[in-house]
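# Overview (structure and organization)
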Amino acid sequence: MPSDDSPDAESEWVETWKEHASAFDRVKSVTMTLTESRPASWIAEEAAVSPNTARDHLDRLIDLGVVTATTVDRTRYYYPDPLYTRLRDVRELLEETTKQELSEQAAQLKEEIAAWKTEYDAASPDALRERAAADDISADEAYELTQVASDWELAQYRLSLVQDAFENYDTWMSGPSSLTV
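Residues numbered from 1 in each chain as written. Predicted model: local features only at pLDDT ≥ 70, side-chain atom pairs only at ≥ 80, totals over all residues. Heavy atoms only, no water.

### Notes on the pattern of salt bridges
So the rule is basically this: For salt bridges, the criterion is a side-chain nitrogen of Lys or Arg within 4 Å of an Asp or Glu carboxyl oxygen. Comment: elements are numbered from the N terminus, with helices defined as DSSP H or I runs of at least four residues and strands as E runs of at least two. Partly exposed describes any residue whose relative accessible area lies between the buried limit of under 20% and the exposed limit of over 50%, with all areas from a 1.4 Å probe on protein chains only and scaled to the type maximum.
Going through the model one piece at a time under the given rule, you end up with eight salt bridges. One salt bridge in this structure joins Asp-170 and Lys-99, with 2.9 Å as the shortest N-O distance. Of this pair, Asp-170 sits in helix α9 (residues 169-172) while Lys-99 sits in helix α6 (residues 99-120); the two residues are 71 residues apart in sequence, bridging distant segments of the chain. Judged by its relative accessible area of 51%, Asp-170 falls in the exposed class. Using a relative accessible area of 28% as the deciding quantity, one classes Lys-99 as partly exposed.

Structure, rendered in structure tokens:
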């Protein structure tokens, strides 16, 4: 999105996006960036398509295993499929990183996690969040603790991806067919 938040700038950006990306690609793009499930009408508005077009493309993405859906109060909500997202991220690691680099990344991530455990005397990100919610913690301290907790969770997730890629590196990188079997 352009830095100019005027309606004209937004409209121009949407028109450019529509010109250069298909409706399917726009729906997929919006859906893959979701951090919480959303209804088709919301996705449609963000993707600059009609709600029916969004639903059609979302159904196709579900069939492809890219998106998942749940129904709450007769409204269907969509979200990126966690398994698809994870495998996509592992594949990206495999394509861009050597086995040695994966090992080094794992060591670095473990070091960061150990440093947070020591510095904050906490066993987990949730322990930091509990501390942030305590009455005797200032707003600034609470913000810092929740930020560190989020960074810690991201590092744990990233470490799990790196470990998956490392453990299966030889199998998955032995040939093109090994990635599809």
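That shown, we press on.
### Thoughts on the packing of aromatic side chains
Just so we agree on the cut-off: Two rings from Phe, Tyr or Trp (for Trp, the six-membered ring) form a pair when their centres are within 6.5 Å of each other. A pair whose planes differ by under 30 degrees is stacked, one over 60 is edge-to-face, and the rest are tilted. Our definition puts a charge over a ring when NZ of Lys or CZ of Arg is within 6 Å of the ring centre and also within 35 degrees of the ring normal.
On inspection of all chains with the given rule, the structure shows two aromatic pairs. Arranged with centres 5.2 Å apart and planes meeting at 35 degrees, the rings of Trp-13 and Trp-17 form a pair that is tilted. Here Trp-17 and Trp-13 lie together in helix α1 (residues 7-20), a separation of four residues that amounts to about one turn. Residue Trp-13 is classed as partly exposed on the basis of its relative accessible area of 30%. The ring of Phe-166 is capped by Lys-99, whose NZ or CZ atom sits 5.2 Å from the centre of that ring.

### A word on the pairing of strand β3 (residues 75-80)
Just so we agree on the cut-off: Pairing between strands is defined by DSSP: at least two bridges between them are needed.
Summarising the sheet, strand β1 (residues 38-39) and β3 pair through two bridges and their orientation is antiparallel. If you follow Pro-39 over to β3, its bridge partner there is Tyr-77. Note: strand β2 (residues 67-72) against β3, six bridges, orientation antiparallel. The residue of β3 that forms the bridge with Val-67 is Pro-80. Joining the antiparallel neighbours β2 and β3 is a turn of two residues, in which Asp-73 adopts a positive phi near 50 degrees.

### Describing helix α4 (residues 51-63)
Note the cut-off: Expected span of a helix: the number of residues minus one, times 1.5 Å. Working note: the arc is built from the helix axis to C-beta atom directions.
Compared with an ideal rise of 1.5 Å per residue, which puts 13 residues at 18 Å, α4 spans 18 Å between its outermost C-alpha atoms and is within 8% of the ideal. Buried within α4 are the following residues: Ala-54, His-57, Leu-58 and Leu-61. Down the axis of α4, the buried side of the element spans an arc of 105 degrees, and every buried residue falls inside it. Within α4, the exposed residues directed more than 90 degrees away from the buried face are Asn-52, Asp-56 and Asp-63. Where α4 terminates, the next one or two residues include Gly-65, which has phi positive at roughly 80 degrees.

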